[in-house]
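# Breakdown of the fold
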Amino acid sequence: MISGRLRNTEYVINLKALRNNIQAQRAVMPAGSRVLAVVKANAYGHGLVPVAQAALRAGATGMCVAILDEALELRDSGVDAITLVLGITPVEEANVAAEAGVSLTVGSLEWLTKYHQFARQFNWTKPLKVHLAVDTGMGRIGFTNVAEFQQAATLLRQYPEFEFEGMFTHFATADSADSTYFDRQYARWQQFTNSLTELPPYVHMANSATGLWHRSQITANTIRMGISMFGYNPSGKELPVDLDLQPVGTLKTAICFIKKLAAGESVSYGATYTAAKDEWLATVPIGYADGYPRCMTGFKVLVDGQYCPIAGRVCMDQMMIRLPKYYPVDTPVILMGKSGDRVITAEDMAEQAHTINYEILTNFNNRIHRTYHD
Ligand SMILES: *Cc1c(COP(=O)(O)O)cnc(C)c1O
């Protein structure tokens with residue numbers, strides 16, 4: 001895998017901020033509350049294994065990932081805390097999870113029945129840990145029918161091939177000022193939890209937004225903490241956050257080339273940017289192939305505490321910025337983070353890109369070298 005270590009572009013990950021965010025959330029939850037650190041998508045771009053290890057050190061009980069491959073990467077790196085795959089895993093691959101002690105999400109009776117058949121047929125003996133997904137209104141995966149859900153719970157308890165470890169749901173609008181839809185989902189969730197005489201050890205419903213704006217309702221005091229663990233507001237700029245969340249990542253690069261552009265000269269593809277007067281233009285080694293979106297064309301970066309506009313189109317691996325004066329090669333350039341008393345947030349970038357902070361963060365790929373600071 002390309003590490004990007006040999007170029008001056010770096011994603012600086014502050015694990016102290018990560019710890020702060022987990023502890024800030026735990027501080028407002030009842031004693032003994034559990035945090036499942038959501039580290040899917042390479043820990044929202046921050047690096048799967050280092051983030052999982054730091055989250056565990058900070059008091060998280062376990063991890064959530066999206067796909068089985070991510071869970072196995074954790075196991076291969078020696079992370080053996082509870083790890084739940086939130087998506088649906090093909091039954092054919094599920095024994096791999098059982099063998100690795102990875103917990104799987106199951107959303108239908110068909111899946112359970114098929115697994116049970118396979119287990120008997122292929123002699124899969126290690127019990128599979130299962131969390132039943134309940135679809136209370138997200139409309140993505142999970143049981144919608146209480147009777148079928150009860151049947152699934154019975155199967156899980158009846159067959160030695162399974163261990164009934166958890167049940168959960170997911171909210172579609174926990175980051176909305178209007179709680180009507182949330183309340184409807186919550187009421188539906190209670191019908192499912194009330195339908196069992198005995199609950200499994202993990203009963204969880206809260207994502208980051210629920211942990212921030214519906215705190216009092218959190219079931220079993222377990223939160224699946226995703227974006228807020230990384231210090232970002234799940235609602236973007238819509239709702240205020242009452243916790244001291246600190247962004248974990250700073251995306252930085254450095255000037256690799258500097259030149260004076262004469263008035264009337266243009267830069268980058270399409271020659272869409274033309275110097276109005278003589279200007280200092282710098283080139284920086286980052287582009288859309290790193291996950292810095294091409295639609296950031298027209299946005300800005302920070303040099304020496306000042307905003308500097310991106311000049312012309314963002315290229316695949318490089319882009320140009322306009323400087324207020326000459327700065328030498330190797331001068332740091334902040335793409336996301338703080339410089340002096342100015343800041344560019346993931347939310348600012350998301351606004352420019354007409355998307356959400358989640359997508360900005362998960363775009364940063366492995367060509368960007370990550371460094372970890374504690
Ligand atoms: C991604 C995901 C989360 C985490 O969401 P955040 O908004 O980042 O907290 C929690 N639960 C499920 C089911 C998810 O898919």
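So, how was this worked out
Residues numbered from 1 in each chain as written. Predicted model: local features only at pLDDT ≥ 70, side-chain atom pairs only at ≥ 80, totals over all residues. Heavy atoms only, no water. Core = buried A, V, L, I, M, F, W, Y, C linked by side-chain atoms within 4.5 Å. Buried < 20%, exposed > 50% of the residue type's maximum accessible area, 1.4 Å probe, protein only. Domains from an automatic or database assignment. Contact = heavy atoms within 4.5 Å. Near = heavy atom within 4 Å. Polar contact = N/O pair within 3.5 Å; in protein donor to acceptor, adjacent residues only side chain to side chain. Nonpolar A, V, L, I, M, F, W, Y, C, P; charged D, E, K, R; others polar. Phe/Tyr/Trp six-rings, centres within 6.5 Å; stacked < 30°, edge-to-face > 60°. Helix = DSSP H or I, 4+ residues; strand = E, 2+ residues; numbered from the N terminus. Arc of directions from axis to C-beta. UniProt positions renumbered as here; feature names shortened; annotations may be inferred. Pairing = 2+ DSSP bridges. Axes fitted to C-alpha atoms, helices over the stretch in contact; angles between N-to-C directions. Parallel < 35°, antiparallel > 145°, perpendicular 65-115°, else oblique. Left-handed = near helix turned anticlockwise from the far one by under 90°.

## A few points about the nonpolar core
Within the largest apolar cluster, 115 residues are counted, with the highest numbers of intra-cluster contacts made by L18, V39, Y115, L132, M229 and Y292. When residues of this core are sorted by domain, at least three fall in each of domain 1 (15–230) and domain 2 (249–344). Among residues more than four places away in sequence, those in contact with Y292 are L251, I286, G287, F299, K300, V301, I310, V314, M319, L335 and M349. Membership of the second largest hydrophobic core comes to seven residues, among which are L261, Y273, A311 and M320.

## So, the site of the ligand
The immediate surroundings of the ligand are formed by V38, K40, Y44, L86, R140, H170, N207, S208, R224, G226, I227 and Y358. At 2.5 Å from an oxygen atom of the ligand is found a side-chain nitrogen or oxygen belonging to Y44. Side-chain polar atom of R140 to an oxygen atom of the ligand: 3.1 Å apart, as the coordinates give it. Among the residues forming the shell around the ligand, the class breakdown is five nonpolar, four polar and three charged.

## Observations regarding the packing of aromatic side chains
Applying the stated criterion across every chain yields a total of 14 aromatic pairs. Measuring from ring centre to ring centre gives 5.6 Å for W111 and Y115, while their planes differ by 5°; the resulting arrangement is stacked. Placement of the pair is W111 and Y115 together in helix 6 (residues 109–122), with a separation of four residues, close to one helical turn. By relative accessible area, which is 0% here, Y115 ends up buried.

## A few points about the environment of H131
Of note, H131 is situated in strand 6 (residues 128–134). For H131, a relative accessible area of 0% gives the class buried. Ignoring any residue separated from it by four or fewer positions in sequence, one finds H131 in contact with I82, L84, S103, L104, T105, V106, E165, G166, M167, F168, Y202 and H204. Polar contacts involving the side chain of H131 include one to the side chain of H204, which spans 3.0 Å.

## Overview of the domain arrangement of the chain
Split into domains, the chain comes out as domain 1 (15–230) and domain 2 (249–344). Between the C-alpha centres of domain 1 and domain 2 the distance comes to 42 Å.

## A short note on helix 4 (residues 68–76)
Of all the residues in helix 4, the buried ones are L68, E70, A71, L74 and R75. Taken down its axis, helix 4 places every buried residue within 160° of arc, on the same side. The exposed residues of helix 4 that point more than 90 degrees off its buried face are D69 and D76. Tucked inside the fold, the buried residues of helix 4 contact helix 2 (40–44), helix 3 (48–57), strand 3 (62–65), strand 4 (82–88) and helix 5 (94–100). Positive backbone phi, approximately 85°, marks G78, located one or two places after helix 4.

## A closer look at the UniProt feature "active site" (unreviewed entry) in the chain
Here the UniProt feature "active site" (unreviewed entry) sits at K40 and Y269. Spanning 230 residues, the named residues are also spread out in space, since their farthest C-alpha pair is 34.9 Å apart. With respect to the secondary-structure elements, K40 resides in helix 2. Classification of K40 as partly exposed rests on a relative accessible area of 26%.

## Remarks on the sheet that holds strand 4
Within the open sheet, the eight strands sit side by side as 8-7-6-5-4-3-2-9. Their pairing is parallel. The strands lining the two open edges of the sheet, one partner per strand, are strand 8 (202–204) and strand 9 (222–225). Taken pair by pair, the neighbouring strands of this sheet meet at an average axis angle of 25°, ignoring direction. Pairing analysis gives four bridges linking strand 3 to strand 4, with the strands arranged parallel.

## So, the UniProt feature "modified residue: N6-(pyridoxal phosphate)lysine" (unreviewed entry) in the chain
Residues annotated by UniProt as "modified residue: N6-(pyridoxal phosphate)lysine" (unreviewed entry) correspond here to K40. When sequence neighbours within four positions are dropped, the list of residues in contact with K40 reads C64, V65, A66, E70 and L86.

## With respect to unusual backbone geometry
One non-glycine residue, Y44, lies in positive phi territory at about 50°. Residue placement: Y44 occurs in helix 2. On the basis of relative accessible area, Y44 is assigned to the buried category, the value being 6%. Not every positive phi belongs to a glycine, and S268 is a case in point at roughly 70°. Residue placement: S268 occurs in the loop between strand 12 (266–267) and strand 13 (273–274).

## Thoughts on the packing of helix 3 against helix 4
Two elements in contact, helix 3 and helix 4, have axes separated by 10 Å at closest approach and are oriented at 70°. On the basis of the axis angle, helix 3 is roughly perpendicular to helix 4. Like other packed secondary-structure pairs, helix 3 and helix 4 cross with a definite hand, here right-handed. For the pair helix 3 and helix 4, the contacting residues are L48, V49 and A52 in the first and E70, E73 and L74 in the second. Here the residues of the contact of helix 3 with helix 4 are counted per class, giving four nonpolar, no polar and two charged.

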